[in-house]
Amino acid sequence: MTATRARGGYHTLPSVDRILNWRAVRDLSSVYGSTASVDAIRTALDEIRKRISAGDNATDLCEPNTLTRDISDRLAERFAPALRPVFNLTGTVIHTNLGRAPLAAEAITDIAAAAASPTNLEFDIASGRRGDRDVHLENQICRLTGAAAASVVNNNAAAVLLVLNTLARRKEVIVSRGELVEIGGAFRIPEIMQRAGAKLHEVGTTNRTHLKDFADAISTKTALVMKVHTSNYEMRGFTKVVPEPELAKLAREHDRPFVVDLGSGMLVDLEDFGLPHERTARETLADGADLVTFSGDKLLGGPQAGIIAGRADLIAKIKRNPMKRALRLDKLVIAGLSATLRLYEDPDRLRERIPVLRLLTQPKAEIAARAERIRPAVAKSLAGLASVETTPCKSQIGSGALPVDLLPSVALLIRPAGGGKLGGRKVGAFAAAFRALPTPVIGRIADGALLLDIRCLEDEVGFLAQLGALDLTGLRAS
Ligand SMILES: *Cc1c(COP(=O)(O)O)cnc(C)c1O
């Protein structure tokens, strides 16, 4: 390419001012503002200059419709919300990467109200004096768990960190080797303990720990005895764990707190909803735990938060730790968590009101009927490029709750036509096409097919309405 040709190409570039006067661009500018519009025009022109110098045709690139669409796309992308709603058809109901629990309508309403106006966050309306932000949740948590006191922080990892830093700094924490778990996303119990300034004292073996192991480990250096819910794995075979009442008794005899990290934690008996049992905070405290910690956004179905509940003297110490200030909740989460906890005061209607519980307890027959209903439309949108069948599958609860208890569900199985090795490679392209929809559809790939678990598909109408936008051009060509 010669310099003359390149110069000739640049010469056809319209000026920023001229583009700003194109009618469609004027409309964009009135929507997005002139600063961002001018910036988008400049970036688009820079891109065109690069392509001209690479030999592309300047006249084509500067065609007003093409250029306007490019500018419009750049602006739309810049002004899109950071978090986009997606369809979670992965089969993992409480999916950490997809933001865990969808909130109850009541929680959303209260969050919006708290966001829109000043509130009594740290203000006692009756006395007109400064208040404490924990009071909004503490009474509710105590009623629902039987605890004497409670405090709430940013998430359960923060709750564990704060408890250990408050009660075990420069001292030892006795934990069973079988419970030194990694929860995922770099939450490892030994590392949190180190960052909290506590020394880990491991006892027992990976598969078996006895009460005597704990008893032998207790010394003047011991700050507390801890039990961690092995959230995301289960030990089978020749195993032994010490029951909580026995650990609690041992800790009490030595005047040391017994702390249980419940992980997900729950406030009601899941068996009442036909789900496997998950120990509740109330049961664990009744078994003698001095403190429990658990998440607000796992099985509880609220916003991200970490709840600490138990003995009043220990909670008072925790609240005095300056680190509490760094880990505290903001008003939006307090509003959302309080609304969620309020729903737990009426267990009979929980199933309809807490989306996580509603999704976990979907009857298989309902999921199957929904899958059958939408199957023809999905098949049609794939235009013969893939087959679509309904198939039984297993959903998981997710986020480390009840790891091995899988829930019977039904999925759409999308298998690329042609099969064989080629089909295996193509399935990634189908998954990408579903992710590229206006509301991305996230499934999972298994055995050379794309699986869309229908358990969590609540907005059937919205799902069907966007199928027409499925872009399979890349797949057709190959
Ligand atoms: C999930 C989990 C955590 C971390 O909780 P977050 O709310 O995600 O911070 C800690 N401990 C256990 C046992 C868990 O399962």
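Structure report, in brief. The structure presented is a predicted model; accordingly, all values stated were derived computationally and were not measured.

1. Quick word on the packing of aromatic side chains
Each aromatic ring pair is summarised here by two numbers: the centre-to-centre distance and the angle between the ring planes.
Working step 1: Enumeration over the complete set of coordinates arrives at two aromatic pairs.
Working step 2: Relative to F463, the ring of F87 lies with its centre 5.6 Å away and its plane at 90°, an arrangement referred to as edge-to-face. Here the residue F87 occupies a position in strand β1 (residues 87-88), and F463 occupies one in helix α21 (residues 460-465), the gap between them amounting to 376 residues.
Working step 3: On the basis of relative accessibility, which here comes to 9%, the residue F87 falls in the buried class.
Working step 4: It is R208 that lies over the ring of F238; its NZ or CZ is 3.8 Å from the centre.

2. Regarding the side chain of T209
Working step 1: As for its position among the elements, T209 is in the loop between β6 (199-203) and α11 (211-217).
Working step 2: Within polar-contact distance, the side chain of T209 engages the side chain of S176 at 2.7 Å.
Working step 3: Not counting residues up to four positions away in its chain, the partners in contact with T209 are S176, R177, V203, G204, F214, K240, V241 and V242.

3. Points about the pairing of strand β5 (residues 172-176)
Working step 1: Most of β5 sits out of view: five of its five residues are buried.
Working step 2: A two-sided burial pattern is seen for β5, the buried positions comprising E172, I174 and S176 on one face and V173 and V175 on the other.
Working step 3: Relative to β6, β5 runs parallel, the two being bridged by five bridges. Across the sheet, residue V175 finds its bridge partner in β6, namely E202.
Working step 4: Of the pairings in the sheet, the one linking β5 to strand β7 (residues 222-228) comprises three bridges and is parallel in character. Within β7, the position partnered with E172 by the bridge is T222.

4. Focus on the sheet that holds strand β10 (residues 306-310)
Working step 1: Strands sit in the order β4-β10-β9-β8-β7-β5-β6 across an open sheet of seven strands; the sheet is mixed. Pairing within the sheet leaves two strands with one partner each, and these edge strands are β4 (149-153) and β6. If you compare each strand with its neighbour and ignore which way they point, the axes differ by 25° on average.
Working step 2: The pairing of strand β9 (residues 291-295) with β10 spans five bridges and is antiparallel. Its bridge partner lying in β10, V292 is registered against A309.
Working step 3: Across the sheet, helix α14 (residues 312-320) lies against β4, β9 and β10, angled at about 30° from β4, the strand it touches most.

Rules used throughout
- Residues numbered from 1 in each chain as written.
- Predicted model: local features only at pLDDT ≥ 70, side-chain atom pairs only at ≥ 80, totals over all residues.
- Heavy atoms only, no water.
- Phe/Tyr/Trp six-rings, centres within 6.5 Å; stacked < 30°, edge-to-face > 60°.
- Helix = DSSP H or I, 4+ residues; strand = E, 2+ residues; numbered from the N terminus.
- Buried < 20%, exposed > 50% of the residue type's maximum accessible area, 1.4 Å probe, protein only.
- Lys NZ or Arg CZ within 6 Å of the ring centre and 35° of its normal.
- Polar contact = N/O pair within 3.5 Å; in protein donor to acceptor, adjacent residues only side chain to side chain.
- Contact = heavy atoms within 4.5 Å.
- Pairing = 2+ DSSP bridges.
- Axes fitted to C-alpha atoms, helices over the stretch in contact; angles between N-to-C directions.

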